[in-house]
Amino acid sequence: MAKILSGKRLILSLFFLVLKLSTAIEIPLSVQQVPTIIKQSKVQVAFPFDEYFQIECEAKGNPEPVFSWTKDDKPFDLSDARIIASNNSGTFKIPNEGHISHFQGKYRCYASNKLGVAMSEEIEFIVPSVPKFPKEKIEPLDVEEGDPIVLPCNPPKGLPPLHIYWMNIELEHIEQDERVYMSQKGDLYFANVEEKDSRNDYCCFAAFPRLRTIVQKMPMKLTVNSLKHANDSSSSTEISSKANSIKQRKPRLLLPPPESGSESSVTILKGDTLLLECFAEGLPTPQVEWKKMGGDLPKGRETKENYGKTLKIENISYRDKGNYRCTANNFLGTANHDFHVIVEEPPRWRKKPESGVYSTGSSGILLCEAEGEPQPTIKWRVNGFPIGNHLFAGDVVFPREVSFTNLHPNHTAVYQCEASNIHGTVLANANIDVVDVIPLIQTKDEENYATVIGYSAFLHCEYFASPEAIVTWQRMDEAQALEGRRYRIHENGTLQILGTTEEDAGSYSCWVENAIGKTAVTANLDIRNATKLRVSPKNPRVPKSHILELHCESKCDSHLKHSLKLSWSKDGEDFEINGTEDGRIVIDRANLTISNVTLEDQGVFSCLAQTALDSIAEATQVTVLDVPDPPRNLQLSERQNRSVRLSWEAGADHNSNISEYIVEFEGNREEPGRWEELTRVQGKETTALLQLAPYVRYQFRVTAVNEVGKSHPSQPSDYHETPPAAPEKNPQNIRVQASQPKEMIIKWEPLKSMEQNGPGLEYRVTWKPQGAPVEWEEETVTNHTLRVMTPTVYAPYDVQVQAINQLGSGPEPQSVVLYSGEDYPDTAPVVHSVDVINSTLVKVTWSTIPKDRVHGHLKGYQINWWKTKSLLDGRTHPKEVNILRFSGQRNYGMVPSLDAFSEFRLTVLAYNSKGVGPESEPYIFQTPEGVPEQPTFLKVIKVDKDTATLSWEQPMKLNGNLTGYLLQYQIINDTDEIGELNEINITTPSKSSWHLSNLNATTKYKFYLRACTSKGCGKPVTEESATSGEGKYGGLYDDISTQGWFIGLMCAIALLTLILLTVCFVKRNKGGKYSVKEKEDLHPDPEVQSAKDETFGEYSDSDEKPLKGSLRSLNRVMQPTESADSLVQYGEGDHRLFNEDGSFIGAYAGSKEKGSVESNGSSTATFPLRA
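Here we summarise the structure given alongside this text. (Residues numbered from 1 in each chain as written. Predicted model: local features only at pLDDT ≥ 70, side-chain atom pairs only at ≥ 80, totals over all residues. Heavy atoms only, no water.)

**Points about the pattern of salt bridges**
Here comes step 1: Scanning the model with the defined rule gives 49 salt bridges in all.
Here comes step 2: Ionic pairing is found between Lys867 and Asp899, a salt bridge with its closest N-O pair at 3.1 Å. Remark: Asp899 occurs in the loop between strand 75 (892-895) and strand 76 (902-912) and Lys867 occurs in strand 73 (residues 858-870); sequence separation between them is 32 residues.
Here comes step 3: For Lys867, a relative accessible area of 15% translates into the label buried.
Here comes step 4: Residues joined by salt bridges that share partners form a network here, namely Arg108, Glu122, Arg381 and Glu418. (Salt bridge = Lys/Arg side-chain N within 4 Å of Asp/Glu carboxyl O. Helix = DSSP H or I, 4+ residues; strand = E, 2+ residues; numbered from the N terminus. Buried < 20%, exposed > 50% of the residue type's maximum accessible area, 1.4 Å probe, protein only.)

Structure follows, in structure tokens:
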């Protein structure tokens, strides 16, 4: 595709180039030549609103031409002070200064030098007068009702076009219809007047748009007298009937005027618009018809206007001449008029004399032929004078040609041929230049050219020579002329090299030689690489509403990159540079993106790469996919009781084959209007035999499916109704629901409307105790539920449900086993033991209850437990019951997530579908001690050169009796190396601080603190700090009360507090409320905040990681921590907390501790040096 497009462009460019090369070369102005008029005015109108009027005449020649003018064939003086003449041409201006009417006339320009005279066509200068209606007294018109009347307009003459309007004094148009008509001349005709035509302000307006002028005629008065010939006792109906009978008459033509007779001639120029009009008076109002005698009216160009009174034929040609007849008729008669249409034409050239360059001794001929109607007359002139008085030796003159032989230089002249008839004149100048010169090459020497491989190269050598010259080309490095099929020399000297290759690069010389001499120029040719192009993706298939992205990858010669331009088109029409205004199509150089693709986007997309030397295009076919059109023309055939054949016609698949059809039906009596799928048919099929159910009024529709999606459903088919029958199936999903003991509520899925097969659907329900040799109990119901009371709790029964309707019963039903209603368990399990696994986990063992005491299906056992008191301080704990369930027949369970060192009580219950039974006796147990949580915080409150003081707070949960703390520390300077871990056992539980000594100066330490019970130590809390180098490194609380800034701060806080309390007191007395803390939070004191920042330094949380070499030493003193197990591992159901009344409190969440040096909430403090 790319090669085809580029080939077409190449052929097109070669065509225009050959056309250009075949054009005659003009004589250079450096060579003596006769004048040639190159610009002149046409008809010039002196509009009153213009400043000046310019009449142009420009010419070229050597020697430079001299200009003169004639006006109405008399010499016109350009030195007139009232005009402004140009210095370098014949053009002059006429200022609009009030005397311009003097200059009205027909002008002709003459350009002359010593070799000849050129003359222009006539230039008419029109000075329009201001049109005015004459002042006149218009007598009122008095006519009787039913008479005809003509209101004359007689518009003034003026510059066409002329538009005429009839209006009243309020500038409202006089309404025209079949009875009232305005002629082309502007007169207003009435076929028969009516009383409503009476008015005293008929005004004719003449508009001259080119003069921007509208003039008005004096108003005319028209009075229409009503006919009342009957006496006063006559009724109005009688009067009207009598009047109409008096005035009724056959048509009489008013247009054309009666004095023109029954025939008239109309002359029209070819190409103009013909307007013929007929208007007749009469009563009733006559109708006008048109026809062409001996032929038909020209179809497509003729129209009838103004209620048929005007025949309009546009673009008149010679075949439209002939006779046209208009006929006016009413029921009383007819009137005719024939128009003889004559088509004429101004002169136009058939063969126009051509200028020529000749050498001494040569011969030539000038042809001059013109067409027109009447036939134009031909007149020859030489240098503006009639040829009869200025013949050169050897000239032979005929009406349509002038021939000459043995030309010599003094034969140089300008010949004029003028063709004229009554409709106009055309003039042509033909230059005869007799010249003998050495060839003049007009192309610059050392011109550089470039082309791409495979294209043609054009090396120009434009020249002028007389006599004729011979052109040869040769390479600079070769002595012989270029020959062969690849080289072509055009008439203007241009060398064309076909199918260039890299070897064609180099320098070439052009030689032009005639009888007078020869000259040469040099041309240089460079060969570039051709541009390459690739569009991707190739021939994409895009679903409708998706996004289409096309990419145009191009590669061109490095010398051509600056000129490379990419453009996109679709089906031959170019896109805008940036795409569409709505942004749906976006073009970003090589990328074209179309959002929300539509079916109209389908087509051939082309990318065009253009450089200064070549162009190439590549196309890709974009196919837009869409869902199919709906199937159509659904037909039903082969109608049976339980089947019917459905046929349809496929809709358009929108470029994606139809894979299947979905046949749906509507006929559900319970849900009318609901469509259900009946079957699916392969895409190649358009018919299906449908299996149907009884007692349904079917209607069908079809949906087509392809890879894009589903079509809209088709229009519904005709109805097809099947007869009723007995049910063919019984209800499914038979089940029991019971809310009371011994109750059995039997339920089932009712038959759908399409399964009922007939009217009067009911259900026959039968039941009996399972395996009992008794009769079936039976009951028939219309709904899909039945309540039955049984003598025993949770007893099995055989149950059957059968569908029946008015036409019979369904198939023999299958039995299902259902149980009667359950009751609560009536006995409690006995708790055997509670074994403590660790401080947070126990194992409970109980005895199961007998099966006959469950009174239903046993679902499992439930443990309720609650904390009664803490063994650490003996405080009683409010009762908050926790529940954990264990499904199935089992006698033990694990209870996790208990508080360590506490006393608990628990009970066990059995439960079934009805609910839980009674609780067992409460069982009391205690959990042992565990390891504590980590201390609440650890802070370094004072450091100096070799000591540090630490402070902490005991854990929130002790989980036993606190025995003391384990303090560890080690060096952690900013390297990978760490120091040995040191330990201090603090055996005083109440201790909350510790002073460390013998530390290294200017060293960073990390401290670990764990709380301990008899079960071991818990997780550590950590802190980092560094000792000072010289002097003391003040802690946060060291002698703070002696600092001056602290005293100032306390005074400021006290003053601020006093002010706030005063304001609060005042507002409270006024009934308002004021929160001091909220105010402080919103507007903190900047000085106080600054002081805090400077004093306490910057705190930042840091995630602690195990240090190399420390894990082993830390674990050396650690004992395994006990597990706080999750409920999920031991029980099932909702793991929730309950109060004594069973209300929800919260959910357990277990967590497991890991024995490591990781800690939570550690921080690093950096302290300023004390001054």
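Alright, that's what it looks like, and here's the rest.
**Some thoughts on the pairing of strand 28 (residues 333-351)**
Here comes step 1: Of the strand pairs in this sheet, strand 21 (residues 263-269) and strand 28 are connected by seven bridges, and their pairing is parallel. Note on strand 28: the bridge partner recorded for Val266 is Val341.
Here comes step 2: Connecting the antiparallel pair strand 27 (residues 322-330) and strand 28 is a turn made up of two residues.
Here comes step 3: As defined by bridge partners, strand 28 adjoins strand 31 (residues 369-373) across four bridges and the pair is classed as antiparallel. Within strand 31, the position partnered with Lys351 by the bridge is Glu369. (Pairing = 2+ DSSP bridges.)

**Thoughts on the environment of Lys991**
Here comes step 1: With respect to the secondary-structure elements, Lys991 resides in the loop between strand 81 (982-986) and strand 82 (993-996).
Here comes step 2: On the basis of relative accessible area, Lys991 is assigned to the partly exposed category, the value being 35%.
Here comes step 3: Measuring from C-alpha to C-alpha, the distance between Lys991 and Trp952 comes to 8.8 Å, with 39 residues separating the pair along the chain.
Here comes step 4: Excluding anything up to four places from it in sequence, Lys991 contacts Trp952, Tyr965 and Ile986. (Contact = heavy atoms within 4.5 Å.)

**Comments concerning the state of the cysteines**
Here comes step 1: In the structure shown here, the tally under the stated rule is seven disulfides.
Here comes step 2: Across the disulfide, Cys57 is cross-linked to Cys109 (sulfur-sulfur distance 2.0 Å). Linking Cys57 and Cys109, the disulfide has an S-S dihedral of approximately -75° and is accordingly described as left-handed. Placement of the pair is Cys57 in strand 4 (residues 57-62) and Cys109 in strand 9 (residues 105-113), with a sequence separation of 52 residues.
Here comes step 3: Cys57 sits in the buried class, given a relative accessible area of 0%. (Disulfide = S-S within 2.5 Å.)

**Examining the environment of Leu858**
Here comes step 1: You can see Leu858 is positioned in strand 73.
Here comes step 2: Beyond its immediate chain neighbours, meaning those up to four positions away, Leu858 contacts Gln889, Ala910, Tyr911 and Asn912.

**Details of the environment of Val681**
Here comes step 1: Within the secondary structure layout, Val681 lies in strand 59 (residues 676-682).
Here comes step 2: Classification of Val681 by relative accessible area gives buried; the value is 10%.
Here comes step 3: Considered as a pair, Val681 and Val702 are 21 residues apart in the sequence and their alpha carbons are 9.9 Å apart.
Here comes step 4: If near-sequence neighbours (up to four positions away) are discounted, Val681 is found in contact with Trp648, Glu660, Tyr661, Val663, Thr687 and Ala688.

**A look at the sheet that holds strand 72 (residues 841-847)**
Here comes step 1: Reading across the sheet, the three strands line up as 71-72-75 and stay open at both edges, with antiparallel pairing between neighbours. The sheet is open, and its two borders are formed by strand 71 (830-838) and strand 75, each paired with just one other strand. Recorded for the sheet is a direction-independent mean angle of 20° between the axes of neighbouring strands.
Here comes step 2: In this sheet, strand 72 lies alongside strand 71 in antiparallel orientation, the contact comprising seven bridges. Note that in strand 72 the partner of Asn838 across the bridge is Leu841. (Axes fitted to C-alpha atoms, helices over the stretch in contact; angles between N-to-C directions.)

Nothing here speaks to function; it is all geometry.
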